[in-house]
Amino acid sequence: MATAAATSASEPEAESKAGPKADGEEDEVKAARTRRKVLSRAVAAATYKTVGPGWDQQEEGVSESDGDEYAMASSAESSPGEYEWEYDEEEEKNQLEIERLEEQLSINVYDYNCHVDLIRLLRLEGELTKVRMARQKMSEIFPLTEELWLEWLHDEISMAQDGLDREHVYDLFEKAVKDYICPNIWLEYGQYSVGGIGQKGGLEKVRSVFERALSSVGLHMTKGLALWEAYREFESAIVEAARPVAGFLSPFDREQTFDSQLEKVHSLFRRQLAIPLYDMEATFAEYEEWSEDPVPESVIQNYNKALQQLEKYKPYEEALLQAEAPRLSEYQAYIDFEMKIGDPARIQLIFERALVENCLVPDLWIRYSQYLDRQLKVKDLVLSVHNRAVRNCPWTVALWSRYLLAMERHGVDHQVISDSSKELEELRAAFTRALEYLKQEVEERFNESGDPSCVIMQNWARIEARLCNNMQKARELWDSIMTRGNAKYANMWLEYYNLERAHGDTQHCRKALHRAVQCTSDYPEHVCEVLLTMERTEGSLEDWDTAVQKTETRLARVNEQRMKAAEKEAALVQQEEEKAEQRKRARAEKKALKKKKKTRGPEKRGADEDDEKEWGDDEEEQPSKRRRVENSIPEAGETQNVEVAAGPAGKCATVDVEPPSKQKEKAASLKRDMPKVLHDSSKDSITVFVSNLPYSMQEPDVKLRPLFEACGEVVQIRPIFSNRGDFRGYCYVEFKEEKSALQALEMDRKSVEGRPMFVSPCVDKSKNPDFKVFRYSTSLEKHKLFISGLPFSCTKEELEEICKAHGTVKDLRLVTNRAGKPKGLAYVEYENESQASQAVMKMDGMTIKENVIKVAISNPPQRKVPEKPETRKAPGGPMLLPQTYGARGKGRTQLSLLPRALQRPSAAAPQAENGPAAAPAVAASAATEAPKMSNADFAKLFLRK
């Protein structure tokens, strides 16, 4: 077994292996070493007193001096440096500031920063009594942070003189460990209790403190190691102090004292090695060196199991160490992991660790209290957490309501408000202020009621009636409620009636129901039934007759009003039907007129051709004719000479052009030669529709087949071509199995030759007009962000690296146009809502490559489908052609360049496939209204000066 010298010699080495020091600095290490030396000497003195034969007053004095030495060490560690005081201006300035802060707190006692500043100045001035009172007042209102508690405890320890002062310090420690779980405070508590080991029950006090500390923060993977080591060193010091005396003891006394103490150290080693903590390897090596016997196999198995658990927890602990406070998203991920495992002690610890840095986040308190309410259900623990929650976030209504429900659930005594209490007057004043606020700040500013159902006034009336027995005030409140437009609702009158039934008298109930019968307009039958029921059971015959007369008269009037409303509604419906029939007849007449014009189209077109031949020498070539010349391929023996303007010199070149009849024949033959792509609708389930492909793609079926064969066996790829043989950018892909088609849908938006390929289900839209393929949600998604203003050069990898710093990114999508070019927009999906909220706060307004981006929760606006403009008819004139507008409607600069005299309907002449549009024909009925004009006439109109 290792000797005391070996133990003390190995202390620096053990300290150097104490695991990752998240908050450790060199000063803390030096202070810890000083406390350990004091601890060992104090324990040695106490052990000699317990088991040694020659304990005297001199040795007892050593223990007390050691306690004082610990107090001096603690004070030296935490007391502020020596200040150079200036007893003139500086002191006067501090006194004025103290007076100002005290006055501010007398006005608003909930000013947290004011409390902190006052304590700091009082401590600086050396006002010990005042600073103690200031700290006491602040601790009654707010939970104190670890730094404030340690500062207070160190000041009190330095001033402790006797046993009463030590008890006062113990009380402060008990209050400190209840606000938050702080390993440093527990460590200070355990080490301070060692100073009182010489007093009565001191040894049991130390062990009790350390055991409570281990149950509270012993599972803390980064800071729990210090508590385990301090407890082990305490017990080991007792063993080493008792070792010289053990040889003089009888076997029975040795077993009762020395051997039992030795077993305590073994037990601490075994308990610690069964828990996943940082630097477990060093602890295991220390146990092997300290123990005389080999380490038991069961201990080794527990140790290996703890090491495996440590590897699972390390990613979450390292994420906490690398992140900056308050690390809410990292703690949320850690909590989710612990909730899946389901260990209550570890879940409670991770919640407490998260709340130390996020004590002002109500959602975290709600989640913690909800877990305790549903899972652990331990009264003291549940109520303690609820109490701490409302102390940290007193402005959150949900926390208060949960606290009240928890107290009700665990049977806490109720406190009844009496009429003479001061709290009642404050409650009435609060109700009055709420109503004044709603009237001034809501109704007058926004011209609408902030409480249309008068819920606040209803609650006030219930309190006055039930708790204060003040029905007069309750009736006044209900009169005010009815005058605010609620008298027409039956449920409001029945609510008032029920209150009168419970706390009023029959006369007021009758009066309320009679008023309800006269005023109610939504459900008068229900109110009448309630009145008759009450008079039947409690009223006299005269009251019954009066009620029957009033209800019959009222119901007759209501039925008459309803009949008139029904007749009016029927008249409106009939008018709508007549209008619909008129619109139907008008559409039929328009359709017949169009059909008639189609039959007269060829005659009109022949007349126009004659006019064009007559004026052909003077007019310029039309764009449609130019296209026809360029795309035509003349055949031998069938040509026609046409003059075309050829350049600025004014010379004309003669081009041989096929006659229109020959062009039509060739277009028809070309259309016949093109293979028609037929689609079998019965194979929609195994077919996908691929679009937005490059028009320049050569042999699309050959290039797309390897791409889609990765999803399954491809039966056929059917690309769509135009009449000229050009690829139109879409095709059908038929698979052998349905699962292959479903897997192919995942290839939507995949880049093919620089363009995003659209892959959608094959659906006949003529049979399913409402079918729309859009794979992304168009509603509010709280876990997804919308980012705008991105530079076009920003890549997906660059943006993902920026977003990963604020949470777990599940998906990221850069928005592009049909050509695959970025639009500066992106959607980022996080794991949960809290991560998305944190990312919005941290990323909104961020600069990326000299671009300031905007970040918001994804909530796309509803798309407005443009209405189809109907064919309109000018008054007294001919039918106007329907105008086709774009997606944005008719722009301000989209002016009509056609003279009004020429805006006449034309017959829909048949048009050759891929050929030029036929010349507009003039209706025969309009020939008498205006002289017939050809294209040459129209050209002369523009050239006329």
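Here, the structure is the one placed above.
Bear in mind the structure is a predicted one, so any value in this text is a computation, not a measurement. (Residues numbered from 1 in each chain as written. Predicted model: local features only at pLDDT ≥ 70, side-chain atom pairs only at ≥ 80, totals over all residues. Heavy atoms only, no water.)

**Comments concerning helix H26 (residues 524–538)**
Here comes step 1: For H26, which comprises 15 residues, the first-to-last C-alpha distance of 21 Å matches the rise-based estimate of 21 Å (1.5 Å per residue) to within 8%.
Here comes step 2: Every buried residue of H26 is listed here: Pro524, Val527, Cys528, Val530, Leu531, Leu532, Met534 and Glu535.
Here comes step 3: If you follow the buried residues of H26, they end up packed against helix H24 (490–503), helix H25 (506–519) and helix H27 (541–599). (Helix = DSSP H or I, 4+ residues; strand = E, 2+ residues; numbered from the N terminus. Expected span 1.5 Å × (residues − 1). Buried < 20%, exposed > 50% of the residue type's maximum accessible area, 1.4 Å probe, protein only. Contact = heavy atoms within 4.5 Å.)

**Let's talk about the packing of aromatic side chains**
Here comes step 1: Taken as a whole, this structure holds 25 aromatic pairs when the rule is applied.
Here comes step 2: Relative to Tyr334, the ring of Tyr316 lies with its centre 5.4 Å away and its plane at 20°, an arrangement referred to as stacked. Of the two residues, Tyr316 is situated in helix H15 (residues 297–322) and Tyr334 in helix H16 (residues 328–341); the sequence distance between them amounts to 18 residues.
Here comes step 3: An aromatic cluster is built from Tyr170, Phe173, Trp186, Tyr189 and Tyr192, whose rings are joined through pairwise contacts.
Here comes step 4: Over the ring of Tyr313 we find Arg346, and its NZ or CZ is 4.4 Å from the ring centre. (Phe/Tyr/Trp six-rings, centres within 6.5 Å; stacked < 30°, edge-to-face > 60°. Lys NZ or Arg CZ within 6 Å of the ring centre and 35° of its normal.)

**Overview of the environment of Val206**
Here comes step 1: Structurally, the position occupied by Val206 is in helix H11 (residues 202–217).
Here comes step 2: Classification of Val206 by relative accessible area gives buried; the value is 0%.
Here comes step 3: Expressed as a C-alpha distance, the spacing of Val206 and Tyr189, which sit 17 residues apart in the sequence, is 9.0 Å.
Here comes step 4: With residues near it in sequence (within four places) discarded, Val206 still touches Ser193, Val194 and Phe234.

**Concerning the packing of helix H18 (residues 362–376) against helix H19 (residues 379–392)**
Packed helices, taken two at a time, are described by their axes: the angle between them and the distance between them.
Here comes step 1: Viewed as axis vectors pointing N to C, H18 and H19 meet at an angle of 165°, and their least axial separation amounts to 10 Å. When the axes of H18 and H19 are compared, the pair comes out roughly antiparallel. As H18 runs across H19, the sense of the crossing is left-handed. For the pair H18 and H19, the contacting residues are Trp365, Tyr368, Ser369, Leu372, Asp373 and Leu376 in the first and Leu381, Val382, Val385, His386, Arg388, Ala389 and Asn392 in the second.
Here comes step 2: For the contact of H18 with H19, the per-class residue count stands at eight nonpolar, three polar and two charged. (Axes fitted to C-alpha atoms, helices over the stretch in contact; angles between N-to-C directions. Parallel < 35°, antiparallel > 145°, perpendicular 65-115°, else oblique. Left-handed = near helix turned anticlockwise from the far one by under 90°. Nonpolar A, V, L, I, M, F, W, Y, C, P; charged D, E, K, R; others polar.)

**Comments concerning the sheet that holds strand S5 (residues 727–735)**
Remark on secondary structure: sheet strands pair via backbone hydrogen bonds, oriented parallel or antiparallel.
Here comes step 1: The five strands are arranged S4-S5-S3-S7-S6 in an open sheet whose pairing can be described as antiparallel. This sheet does not close on itself; its edge strands, each paired only once, are strand S4 (714–721) and strand S6 (750–752). Adjacent strand axes in the sheet meet at a mean angle of 30°, parallel and antiparallel pairs treated alike.
Here comes step 2: The pairing of S4 with S5 spans six bridges and is classified as antiparallel. Bridging across to S5, Ile717 finds its partner in Val733. (Pairing = 2+ DSSP bridges.)

**Points about the packing of H24 against H26**
Here comes step 1: Packing of H24 against H26 leaves a shortest axis separation of 10 Å and a crossing angle of 25°. Taken together, the axes of H24 and H26 are roughly parallel relative to one another. Contacts between H24 and H26 involve Ala490, Leu494, Tyr497 and Arg501 from the former and His526, Val527, Val530, Met534 and Glu538 from the latter.

**Looking at the pairing of strand S3 (residues 687–691)**
Here comes step 1: Of all five residues making up S3, four are buried, and the element is well covered by its neighbours.
Here comes step 2: With four bridges connecting them, S3 and S5 associate as antiparallel partners. Looking across to S5, one finds that Val688 is bridged to Val733.
Here comes step 3: As judged from the four bridges shared by S3 and strand S7 (residues 755–761), these two strands associate in the antiparallel manner. For Val688, the partnering residue across the bridge sits in S7 and is Pro761.

**Some thoughts on H25**
Here comes step 1: The end-to-end C-alpha distance of H25, which contains 14 residues, comes to 20 Å, matching closely the 20 Å that a straight helix rising 1.5 Å per residue would cover.
Here comes step 2: Along H25, the residues classified as buried are Cys509, Arg510, Ala512, Leu513, His514, Ala516 and Val517.

**Notes on a positive patch on the surface**
Here comes step 1: On the surface, Lys579, Arg583, Lys584 and Arg587 cluster together into a positively charged patch.
Here comes step 2: Relative to the helices and strands, Lys579 resides in helix H27. (Patch = residues over 30% accessible without salt bridge, like charges linked within 9 Å, V, L, I, M, F, W, Y side chains within 5 Å. Areas by Shrake-Rupley, 256 points an atom, 1.4 Å probe, with all protein chains shown as cover. Salt bridge = Lys/Arg side-chain N within 4 Å of Asp/Glu carboxyl O. Lys, Arg positive; Asp, Glu negative; His and termini not counted. Charge placed at Lys NZ, Arg CZ, Asp CG, Glu CD.)

**Focus on the sheet that holds strand S9 (residues 809–816)**
Here comes step 1: If you walk across this open sheet you meet the four strands as S9-S10-S8-S13, and the pairing is antiparallel. A strand with exactly one partner marks an edge of an open sheet, and here the two such strands are S9 and strand S13 (854–858). Neighbour-to-neighbour, the strand axes of the sheet open up by a mean angle of 25°, direction not taken into account.
Here comes step 2: Bridge analysis of S9 against strand S10 (residues 822–830) gives seven bridges, and the strand direction is antiparallel. Residue pairing in the sheet places Asp811 in a bridge with Glu829 of S10.
Here comes step 3: Of the strands in this sheet, strand S8 (781–788), S9 and S10 touch helix H33 (residues 796–803), which is tilted by about 140° from S9.

**Considering the pattern of salt bridges**
Where charged atoms of side chains with opposite charge meet at close range, the side chains can pair.
Here comes step 1: Scanning the entire structure with this criterion turns up 37 salt bridges.
Here comes step 2: One salt bridge in this structure joins Glu560 and Lys564, with 3.8 Å as the shortest N-O distance. With Glu560 and Lys564 both in helix H27 and four residues apart, the pair spans about one turn of that helix.
Here comes step 3: You can call Lys564 exposed: its relative accessible area is 53%.
Here comes step 4: Ionic pairing is found between Glu734 and Lys683, a salt bridge with its closest N-O pair at 3.3 Å. Here Glu734, found in strand S5, pairs with Lys683, found in the loop between helix H30 (660–673) and S3; they are 51 residues apart in sequence, far enough to count as distant.
Here comes step 5: Its relative accessible area of 6% is what places Glu734 among the buried residues.

Shape descriptors only; they carry no functional weight alone.
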